[in-house]
Amino acid sequence: MTRLRMLPHAAALGAAAWLGGGAVAEARAAPWQWSASASPGYDTFVQRYSLALEDTVEAVSEFDLTLGAEGRTPPDSRHAWTVRPRLSAGSERTRGQLDWEYALRPDGRSPVLRVAGSAQAVRYRDGTGYDLSSDHAEGSLTARWLLARGGAAAWEARASASTLRYADPSELEPRRDDWSAGFAAVAGAAAGDRWRAGLKYGRRSYPDTTEIDRATLGLDLAWSHDPLDGPSWQLDGRSERRRVRVSAVRPSAWSHALAAEVAAPAGALRAVAAASLECWRYDDEWGAYADQTRLETRAAVRAGGVFGPLWELGAVRESLDSHAAGESYAQWGACGGLETYGEALTLLLTLEAGRRDYDEAAGDDPLGALYTDFTYVEVGLNLSWTLSDRLRLDGMAQYLPESHAADEDDQALGFGSLRLGYRF
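Residues numbered from 1 in each chain as written. Predicted model: local features only at pLDDT ≥ 70, side-chain atom pairs only at ≥ 80, totals over all residues. Heavy atoms only, no water.

## A look at the overall build of the chain
- Along its length, the chain carries two helices and 20 strands.
- Counting all 424 residues of the chain, 32% fall into the buried class.
- Long-range pairs, those at least 24 residues apart, make up 49% of the contacts in the chain with a sequence separation of at least 6. (Helix = DSSP H or I, 4+ residues; strand = E, 2+ residues; numbered from the N terminus. Buried < 20%, exposed > 50% of the residue type's maximum accessible area, 1.4 Å probe, protein only. Contact = heavy atoms within 4.5 Å.)

See below:
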């Protein structure tokens, strides 16, 4: 046990040495605070669909036991460290993960530099239900440096790198390496609104299929205004150019995304209007690469949330305009949600029900329509229930059934997770 507790400490000291001798000296002197946990859990994924006019049900379920620990320096440390090792043994796979984070806080409160890393390895058991998966290992490293945080504006630099390695690479599971770097102007501590405008450049390489290596240049914008009373709004935008190494294998493309939400008082309620737009534009359209534009709008009323539950009811509309035959559709639905954050119970429940109608032009396809109209229901649940000072129950579930105009197209997806955690 002593050796296990010292390994994360040693890893943190090694990373501190990389960042600077001063951080090492403080990391050695600061009293680390450690906690440990054990959590048995059960996860299941179920899919029902029609195959050869017969209902088919596929399910992957797993029981596992996860042992974890967390070590951190005192919250007012100038050089703040957090280390989280985890080991999970399940009926389908064995997983190990180590996450760590370093923060430089000259004033003992707000960080000007954050560096975080993660490493994970997964090994599947013989006869696993994950038939299309192979053993793999992955790692990532991110850094964020904030300058002149005290004024109305500041500069921010970010960098990241990651790698993914499969024991048996394939077309569906290729080895992958990523890196990116970006620079942005952001709102400082004295700014009234939160805003950001930045540029990012990155590259992704596939050692097994270098033809689809790509470089990406992107612009992102964000602006939010959230007063204690009165109207509030949030705006996020992104534009990205993706250039593929060999365009004959996969075409290069532009992608754009814009999301906006406005909320205003309406008596005892708040009226909410939101919209999101996504579009893809390829240099050359062929096969699965077709220009698409997706638009979603939502209108709702919201109430509560100050010291009690927050609920929302509304209507949503979604449309997809695609150059691929038969993919364009229009969708309408009603949606609702409930959130509550209490000392013992935290709950998030969402529900949406509606209908999707595809463009009838698909009927001209001599092979018949690829997609058929359907009604749908989407149910989502997240909960965290504190049973005692040391015991907590966490659960998550999703259910998405579809009832199509052609019965053989009916399908349903379901996912559930339940975990009981004990903190030592």
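Next comes the rest of the write-up.
## Quick look at the pairing of strand β12 (residues 253-266)
- Across 11 bridges, strand β11 (residues 232-244) lies against β12 in antiparallel orientation. Paired with serine 239 across the strands is histidine 256, a residue of β12.
- As paired elements, β12 and strand β13 (residues 269-282) share 14 bridges and run antiparallel to each other. Across the sheet, serine 255 pairs through a bridge with tryptophan 280, a residue of β13. (Pairing = 2+ DSSP bridges.)

## Observations regarding the pattern of salt bridges
- Counting across every chain of the model gives 27 salt bridges.
- Here aspartate 64 ties to arginine 419 by a salt bridge, and the two come within 3.0 Å at their closest N and O atoms. One end of the pair, aspartate 64, is in strand β2 (residues 54-72); the other, arginine 419, is in strand β20 (residues 411-423), and 355 residues separate them in sequence.
- You can call aspartate 64 buried: its relative accessible area is 6%.
- Its salt-bridge partner being glutamate 261, residue arginine 298 comes within 3.1 Å of it at the nearest N-O pair. You can see arginine 298 sitting in strand β14 (residues 292-304) and its partner glutamate 261 sitting in strand β12, a full 37 residues away along the chain. (Salt bridge = Lys/Arg side-chain N within 4 Å of Asp/Glu carboxyl O.)

## Here's the deal with the side chain of glutamate 318
- You can see glutamate 318 is positioned in strand β15 (residues 310-322).
- For glutamate 318, the side chain forms a polar contact with the side chain of tyrosine 329, separated by 2.4 Å. (Polar contact = N/O pair within 3.5 Å; in protein donor to acceptor, adjacent residues only side chain to side chain.)

## A closer look at the confidence of the model for the chain
- For the chain, the average pLDDT comes to 88, and 89% of its residues sit at 70 or higher.
- Per-residue pLDDT stays below 50 along residues 1-27; that stretch engages in 31 contacts with residues further than four places along the chain or on separate chains. (pLDDT = per-residue confidence, 0-100.)

## Some details on the nonpolar core
- By size, the foremost hydrophobic cluster in this structure holds six residues: Trp32, Trp81, Val83, Tyr102, Leu104 and Val112.
- Broken down by secondary-structure element, the contributors of at least two residues to this core are β3 (79-90) and β4 (93-104). (Core = buried A, V, L, I, M, F, W, Y, C linked by side-chain atoms within 4.5 Å.)

## Focus: the packing of aromatic side chains
- Evaluation of the coordinates by the stated rule reveals 15 aromatic pairs.
- Measuring from ring centre to ring centre gives 5.2 Å for tryptophan 286 and tyrosine 289, while their planes differ by 75°; the resulting arrangement is edge-to-face.
- These aromatic residues form a ring-pair network of at least three members: Tyr329, Tyr358, Tyr371, Phe374 and Tyr376.
- A cation over a ring is seen here: arginine 356 above tyrosine 329, with NZ or CZ 3.8 Å from the ring centre. (Phe/Tyr/Trp six-rings, centres within 6.5 Å; stacked < 30°, edge-to-face > 60°. Lys NZ or Arg CZ within 6 Å of the ring centre and 35° of its normal.)

## A word on the environment of glutamate 70
- By secondary structure assignment, the location of glutamate 70 is in strand β2.
- Sequence separation between glutamate 70 and threonine 82 is 12 residues, and the spatial gap between their C-alpha atoms is 7.2 Å.
- In this structure glutamate 70 touches Gln33, Trp34, Ser35, Thr82, Val83 and Arg84, once residues within four positions along its chain are discounted.

## With respect to the side chain of threonine 44
- Note that threonine 44 resides in strand β1 (residues 33-51).
- Given the relative accessible area of 18%, threonine 44 is considered buried.
- A polar side-chain atom of threonine 44 sits 2.7 Å from a polar atom in the side chain of serine 61.
- Beyond its immediate sequence surroundings of up to four residues, threonine 44 is in contact with Val60, Ser61, Gly414, Phe415 and Gly416.

## What to know about the pairing of β14
- Two elements, β13 and β14, share 11 bridges in a ladder whose sense is antiparallel. When the bridges of β14 are listed, alanine 275 appears paired with threonine 297.
- With 13 bridges connecting them, β14 and β15 associate as antiparallel partners. In the strand pairing of β15, arginine 302 is matched with glutamate 312.
- A loop of five residues connects β14 with β15, the two strands running antiparallel in sequence, and glycine 305 in this loop sits at a positive phi of about 95°.

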